[in-house]
Amino acid sequence: MRTLRALIVGKGGIGRELAKQLTALGWSVVFSEARDRMFDFVKEVENADIVFVCIPTRDKGEAAYQYITYALAAGKCVVTAEKGALAYHFESLRPRLPRIGFTATVGGGSEPLSMFSSLGAPRPKKINGFVNGTVNFLSWCLSQGMEPEEALAAAFEKGMPEKGATTFFQVFNAEIGDILMKLAVLVNVSGVCGKYSITPDCFSTFMLYEGEVLRLLSNPRLRFMVSMSEQRVGMQSSWQVYANVNGVHIVGAFLDPTEHYEGKIIPAQEQNSLFAEDYLGRSQEKWGPGAGFEPTAGVMVKDAKRLIAVHGIKE
Ligand SMILES: NC(=O)c1ccc[n+]([C@@H]2O[C@H](COP(=O)([O-])OP(=O)(O)OC[C@H]3O[C@@H](n4cnc5c(N)ncnc54)[C@H](OP(=O)(O)O)[C@@H]3O)[C@@H](O)[C@H]2O)c1
């Protein structure tokens, strides 16, 4: 039996955990040194069975998109945790999706995207739930009476917030950016808007003042939810992100889950959950840790194993 070879782009929290998990499975692991020098990257790719992309989203995921498309052009399969490439370049990647593992781009270890390949109907009728582990966690901390600085420090200790943000307000706004990318990936992969695909640029976003963010996060009755359906949810004035695509209202807002979530409501902490129902009334739900190095890397390994089996990559 041959040793499988991984090329990992991005030596951060996810990349290092992934290397640990793959090595434990007997893979040989190399970190890319090319750093945007695509000529060097193409040479590195030659020796890999699977390329893993674990870099942050800058701009519109251009760097990740380059890594992904160069690896695919070399005939390799790719597994990515980066969201920007799929959120902003979905149409270009759509025909190449069978060679891409992207489960980790939405919901870390809770794997909500895995629901949509198995829903019987061609198109879900509604999707709703909680897709941002950091916002869930901050909301849970504040609603337990923790001070904002204490909650933020706890989130940083867990390595949860998007990189670059430091204050509470910056962290919340950066997570809204993350939610927009996840919404775009969810819409595009699930087909909830029919044949239409979207990018994060399709959304209107409504800024909140810092005091409002803290007040909403501290309210134990509210959680930040996303909803996609032909029904409008909540009051328009409460929406933080919104798009209407093909008659489907796509909303991100602080809502009361007892009124708006049809799945099982589990304590917030970092847990994500997503409920989906098709036009035949059949429903599915997924929940689990929404972020974190270990569960996210675990999902990437699972994707890699599936690609190896489907594409007959010899071990
Ligand atoms: N953390 C989670 O729980 C989680 C869950 C799901 C998905 N994700 C996604 O997974 C990705 C990685 O997350 P992370 O937490 O591992 O981030 P991270 O700790 O910030 O690590 C990212 C690594 O990528 C490197 N890098 C940045 N731009 C690069 C480029 N153009 N080419 C090569 N390397 C580059 C960085 O190097 P420098 O520091 O030198 O720039 C750093 O080593 C992100 O897109 C994130 O959104 C994370």
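One can find the structure itself at the top, above this paragraph.
This write-up is about the structure you can find in this document. The model shown is predicted, which means the values in this text are computed figures rather than measured ones.

Another aspect to go through is helix α3 (residues 62-73). In this model, α3 (12 residues) spans 16 Å end to end at C-alpha, consistent with the 16 Å of a helix rising 1.5 Å per residue. Inspection of α3 places A63, A64, Y65, Y67, I68 and A71 among the buried residues, and these make up the whole buried set. At its buried positions, α3 is contacted by β1 (5-9), α2 (38-46), β3 (50-53), β4 (77-80), α4 (84-88) and β5 (100-101).

Moving on, we get to the site of the ligand. Near the ligand there are 24 residues, and of these G10, G12, I14, A81 and A291 occur at the shortest range. Every element with two or more residues in the shell around the ligand is listed here: α1 (13-24) and α11 (293-310). The leading source of residues in the shell around the ligand is α1, at three residues. Among the residues making up the shell around the ligand, the classes are represented as 10 nonpolar, eight polar and six charged.

Inspection of the secondary structure assignment puts V299 in helix α11. Between the C-alpha atom of V299 and that of I55, which follows or precedes it by 244 residues, the distance is 16 Å. Apart from residues lying up to four places away in sequence, V299 is in contact with T103, A104, G108, G109 and E111.

Here the focus is the sheet that holds strand β11 (residues 271-278). In spatial order, the strands read β7-β9-β10-β8-β6-β11-β12; together these seven strands make up an open sheet with antiparallel pairing. Edge positions in the sheet fall to β7 (204-205) and β12 (283-289), since each has one partner strand and no second.

Below, the discussion takes up the pairing of β12. Note on strand geometry: in a regular strand, side chains alternate between the two faces of the sheet. Relative to β12, β11 runs antiparallel, the two sharing seven bridges. Residue pairing for β12: L274 is matched across the bridge by K286. The antiparallel hairpin formed by β11 and β12 contains four residues in its connecting segment, where G281 sits at a positive phi of about 80 degrees.

At R35, a position not held by glycine, the phi torsion is positive, near 45 degrees. Its location among the elements puts R35 in the loop between β2 (28-31) and α2. Look at N246: it is not a glycine, yet its phi comes out positive at around 55 degrees. Mapped onto the secondary structure, N246 falls in the loop between β9 (239-245) and β10 (248-255).

Ranked by internal contacts, the top residues of the largest apolar core, which has 95 residues, are V51, F52, V53 and M300. Counting residues per element, this core draws most heavily on helix α8 (residues 168-190), which supplies 13 residues. Formed jointly, this core draws a minimum of three residues from each of two domains, domain 1 (5-107 + 294-310) and domain 2 (114-289).

If you walk across this open sheet you meet the five strands as β2-β1-β3-β4-β5, and the pairing is parallel. With partners counted over all chains shown, the strands left at the sheet margins are β2 and β5, one partner each. Lying on the sheet, α3 is in contact with β1, β3, β4 and β5; it crosses β4 at an angle near 155 degrees.

Reading the values: the criteria
- Residues numbered from 1 in each chain as written.
- Predicted model: local features only at pLDDT ≥ 70, side-chain atom pairs only at ≥ 80, totals over all residues.
- Helix = DSSP H or I, 4+ residues; strand = E, 2+ residues; numbered from the N terminus.
- Expected span 1.5 Å × (residues − 1).
- Buried ≥ 20, exposed ≤ 12 C-beta atoms within 10 Å, placed from the backbone.
- Contact = placed C-beta atoms within 7 Å.
- Near = placed C-beta within 6 Å.
- Nonpolar A, V, L, I, M, F, W, Y, C, P; charged D, E, K, R; others polar.
- Pairing = 2+ DSSP bridges.
- Core = buried A, V, L, I, M, F, W, Y, C linked by C-beta atoms within 7 Å.
- Domains from an automatic or database assignment.
- Axes fitted to C-alpha atoms, helices over the stretch in contact; angles between N-to-C directions.

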